[in-house]
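Chain by chain, the residues:
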Amino acid sequence: MAIHPVLRMGHPLLSQRASEVTAFNTPELDQLIADMLATMRAEDGAGLAAPQIGVSRRVVVFGFETNPRYREAPPVPLTVLINPEIKPLDDTLEEGWEGCLSVPGLRGVVPRYKHIEYSGFDASGEPLRVEAEGFHARVVQHECDHLDGILYPRRVRDFSRFGFIDELSAAGLLPAQATDEQP
């Protein structure tokens, strides 16, 4: 496994729709997943999408028991999700501060569905279907947006609540637990 540099906003790959995974249990897919998990852990991220490390495939990883960057967040189960689909289970949107390893140093308030069901396949190609709420749901939606070429700043509605972490913190706009770099 290798730790990869994370592509930053402006790289063309981050604006493109990623390709479907068509073959499971291959050395290439297994290596991609191992590299994504290693990179996510090295960055103390809550999640990571394959395009963020330069691979245009519909693969995301997310999850942690505890995370120094998300001290207040409840655990999120460690998950490998391939060819994901997200279905909102109601229309309730919840605003929350997000950041991104691909948009370092910035944070913004983003509305996300509070309660979702996500489905797709695990690393072995087995079907996966999970209900998620709150932070777990936010992380999944954020990571899956990457697969469609969407970075969170495109979802910000109020740009008075978007900016550099240090400026937002100095102004008292950013809660202490929201000073991390990713959703």
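Heads up: the structure comes first, above all this text.
Below: a short report on this structure. (Residues numbered from 1 in each chain as written. Predicted model: local features only at pLDDT ≥ 70, side-chain atom pairs only at ≥ 80, totals over all residues. Heavy atoms only, no water.)

1. Here we look at the environment of V55
Note the threshold: Labels follow the DSSP assignment, with helices taken as runs of H or I lasting at least four residues and strands as runs of E lasting at least two, numbered in each case from the N terminus. By the convention used here, residues are in contact when the closest approach between their heavy atoms is within 4.5 Å.
Mapped onto the elements, V55 comes out in the loop between strand 1 (47-49) and strand 2 (59-64). The spatial distance from the C-alpha of V55 to the C-alpha of H142 is 17 Å, given a sequence separation of 87 residues. Leaving out residues up to four positions away in the same chain, V55 has contacts with L13, L32 and A50.

2. Some thoughts on the sheet that holds strand 8 (residues 162-164)
Short version of the rule: Whether two strands pair depends on DSSP finding at least two bridges between them. Between N-to-C directions, angles cover 0 to 180 degrees, with each direction set by a line fitted to C-alpha atoms, over the stretch in contact for helices.
In spatial order, the strands read 4-5-8; together these 3 strands make up an open sheet with antiparallel pairing. The two strands at the open ends of the sheet, each matched to only one other strand, are strand 4 (93-100) and strand 8. Direction aside, neighbouring strands of the sheet carry axes that sit 20° apart on average. Looking at chain direction, strand 5 (residues 103-113) and strand 8 are connected through 3 bridges and run antiparallel. Bridge pairing links R107 to G163 in strand 8.

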